[in-house]
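Here are the chains, one letter per residue:
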Amino acid sequence: MTQFDMPDMAGATAVVTGASDGIGLEIAQALAGSGAAVILPVRNREKGQRAVARIRESVPDARLALRDLDLARLDTVAALVQALRDESARIDHLVLNAGVILLGDRERHVTEDGFELHFQTNFLGHYALTLGLLPLLRTSRGRVVVQTSLATRFGRVAWDDLQLQHRYSAFRAYASSKAALGLFATEFARRSDDEAWGVTLGISHPGVAPDTSIAGPLRAKRTGSGSHKVSARLGHSPAEAALPALMAMMSTPRPGEMCVPRYEISGQPKRRRIYRRISDPAAAARIWDVGDRLLVERPAE
Ligand SMILES: NC(=O)c1ccc[n+]([C@@H]2O[C@H](COP(=O)([O-])OP(=O)(O)OC[C@H]3O[C@@H](n4cnc5c(N)ncnc54)[C@H](OP(=O)(O)O)[C@@H]3O)[C@@H](O)[C@H]2O)c1
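The numbers attached to residues start from 1 for each chain and follow its sequence in the written order. Local features in a predicted model are, by the rule used here, given only for residues with pLDDT of at least 70; side-chain atom pairs are given and counted only at 80 or more, and totals for whole chains, interfaces and linings are based on all residues.

(A) Local environment of the site of the ligand. Placing the C-beta atom from the backbone, one calls a residue near a molecule or strand if that atom lies within 6 Å of it. As a structural note, the neighbourhood of the ligand is formed by 30 residues, with Gly-18, Gly-22, Gly-99, Thr-212 and Ile-214 the closest of them. We count a stretch as a helix when DSSP gives it H or I for four or more residues in a row; a strand needs E for two or more, and each element gets its number in order from the N terminus. For the shell around the ligand, the element with the most residues is helix H1 (residues 22-33), which contributes three residues. Note on residue classes: Ala, Val, Leu, Ile, Met, Phe, Trp, Tyr, Cys and Pro are nonpolar, Asp, Glu, Lys and Arg are charged, and everything else, Gly too, is polar. In terms of residue class, the shell around the ligand is built from 12 nonpolar, 14 polar and four charged.

(B) Spatial organisation of helix H3 (residues 74-86). The end-to-end C-alpha distance of H3 is 18 Å, a good match for the 18 Å that 13 residues give at a rise of 1.5 Å each. As a rule, residues whose C-beta atom has 12 or fewer other C-beta atoms within 10 Å are exposed, those with 20 or more are buried, and those in between are partly exposed; C-beta atoms are placed from the backbone. By the burial criterion, the buried members of H3 are Leu-74, Val-77, Leu-80, Val-81 and Leu-84. What you see down the axis of H3 is that its buried residues fit within an arc of 120 degrees, all on one side. Facing away from the buried side of H3 by over 90 degrees, the exposed positions are Asp-75, Gln-82, Ala-83 and Asp-86. A pair of residues counts as a contact when their C-beta atoms, built from backbone coordinates, are within 7 Å of each other. Where H3 is buried, its residues contact strand E2 (37-42), strand E3 (63-68) and helix H4 (117-140). Backbone geometry just after H3 places Ser-88 at a positive phi near 50 degrees. Expected span of a helix: the number of residues minus one, times 1.5 Å. This arc describes the spread of directions from the helix axis toward the C-beta atoms.

(C) Structural detail: the pairing of strand E4 (residues 93-96). Burial of E4 is two-sided: the residues His-93 and Val-95 facing one way and the residues Leu-94 and Leu-96 facing the other way are all buried. Criterion used throughout: strands pair if DSSP finds at least two bridges between them. The pairing of strand E1 (residues 13-16) with E4 spans three bridges and is classified as parallel. Paired with Val-16 across the two strands is Val-95, which belongs to E4. In the classification by handedness, the crossover that spans E4, the intervening H4 and the parallel strand E5 (residues 143-147) is right-handed. Every crossover in which the path from the first strand over the helix to the second runs clockwise, viewed with the strands pointing away from the viewer, is termed right-handed.

(D) Region of the structure containing helix H10 (residues 243-250). In terms of residue burial, H10 counts as a mostly covered element, since eight of its eight residues are buried. Looking at H10, one finds that the buried residues are Leu-243, Pro-244, Ala-245, Leu-246, Met-247, Ala-248, Met-249 and Met-250.

(E) Structural view of the packing of H4 against helix H6 (residues 170-194). To obtain an axis, a line is fitted to C-alpha atoms, over the contacting stretch when the element is a helix, and the angle between two such axes runs from 0 to 180 degrees between their N-to-C directions. Where H4 meets H6, the closest approach of the two axes is 7 Å, and the angle between their N-to-C directions is 15 degrees. Taken together, the axes of H4 and H6 lie roughly parallel to each other. Considering the relative orientation of H4 and H6, their crossing is left-handed. For the pair H4 and H6, the contacting residues are His-118, Phe-119, Asn-122, Phe-123, His-126 and Tyr-127 in the first and Ala-173, Tyr-174, Ser-177, Lys-178, Ala-180, Leu-181 and Phe-184 in the second. Within the contact of H4 with H6, the residues separate by chemical class into eight nonpolar, four polar and one charged. Here the angle decides the label: under 35 degrees means roughly parallel, over 145 means roughly antiparallel, 65 to 115 means roughly perpendicular, and every other value means oblique. In this scheme the handedness of a crossing depends on how the near helix is turned from the far one: anticlockwise by less than a right angle means left-handed, clockwise means right-handed.

(F) Region of the structure containing the packing of H3 against H4. As a packed pair, H3 and H4 sit with axes 9 Å apart at the nearest point and diverge in direction by 15 degrees. Our classification of the angle between H3 and H4 gives roughly parallel. Along this stretch, H3 crosses H4, giving a crossing that reads as right-handed. When H3 is examined against H4, the residues Leu-74, Val-77, Ala-78, Val-81, Leu-84 and Arg-85 are found in contact with a partner set consisting of Gly-125, Ala-128, Leu-129, Gly-132, Leu-133, Pro-135 and Leu-136. Class assignment for the residues of the contact of H3 with H4 results in 10 nonpolar, two polar and one charged.

(G) Representation of the environment of Pro-269 in the model. Its location among the elements puts Pro-269 in strand E8 (residues 269-273). Among the residues examined, Pro-269 registers 23 C-beta atoms within 10 Å and is labelled buried. Distance from Pro-269 to Met-247, taken between C-alpha atoms, is 7.0 Å for residues 22 residues apart in sequence. Other than its neighbours up to four places away in sequence, Pro-269 contacts Leu-243, Pro-244, Met-247, Cys-259 and Pro-261.

Structure below.
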């Protein structure tokens, strides 16, 4: 299934991170096909242009704008925020979809800003982007959609070692960063409610899309036995994996719920209770404070 009952979105503007590839590209395509103007902040312009060309194959009159954003460089986050604020851009939807997982790479990578790469790309960069765009989101009474992962069901924030300086593994770093992002979503929803920001919040996870580049290294690891070959193919297409995020964008948000594939790794989108790991209010408040502090201080390496 690749269709979703999308409403007419003419007049709306969406910002989708990670729209140069995979699931984000499918989200951007679905939005453009429904008439929304889509801003695609990308770290690689050439790839971004290929994504734009692909969307235009099926939506020739798509209203698309490429912007520069490397979540692993906070100066680019600040520059994008400033540019959109200077333009008083309308933002009806902000989809925090970009993500990285360096499976198969045992080396721990640190960004120029001094943060562990998964932590900054998946969580902190998105945190800074969202808070920077908050005034525009408030003006538009917009919606933020946070793309988490099945990993947030089991993973937890490595509170005592946020930068994974000690027991590093790429999967641990990924799971911790996605849990941090999910907790940020929970706290964002609470604050928006308490402080009447007028910005709604949706949480999704795509299930498993084995044909995106993020899933490539995982697939490469599973080439041995027959059962591994089968499990490496489990999941659904990037277009299908885009549906939970689209559902989280389009449907009336229900507090305490998130949108996921019916069978968790694949299937039609459905609502379910937010995973316990990302709905704890104390942990959610704590991650917000961590984000606030780290954007001012640099981590001690
Ligand atoms: N595929 C799955 O099975 C799966 C499962 C669970 C969760 N997810 C989540 O779904 C989301 C989309 O993943 P995907 O499967 O579509 O992966 P993908 O095909 O690798 O796409 C990831 C996107 O994120 C962008 N990105 C990565 N690092 C970035 C950075 N530093 N700054 C800006 N953009 C950056 C990539 O840009 P480039 O094109 O420049 O690389 C790409 O557009 C991620 O958040 C991922 O964690 C995926």
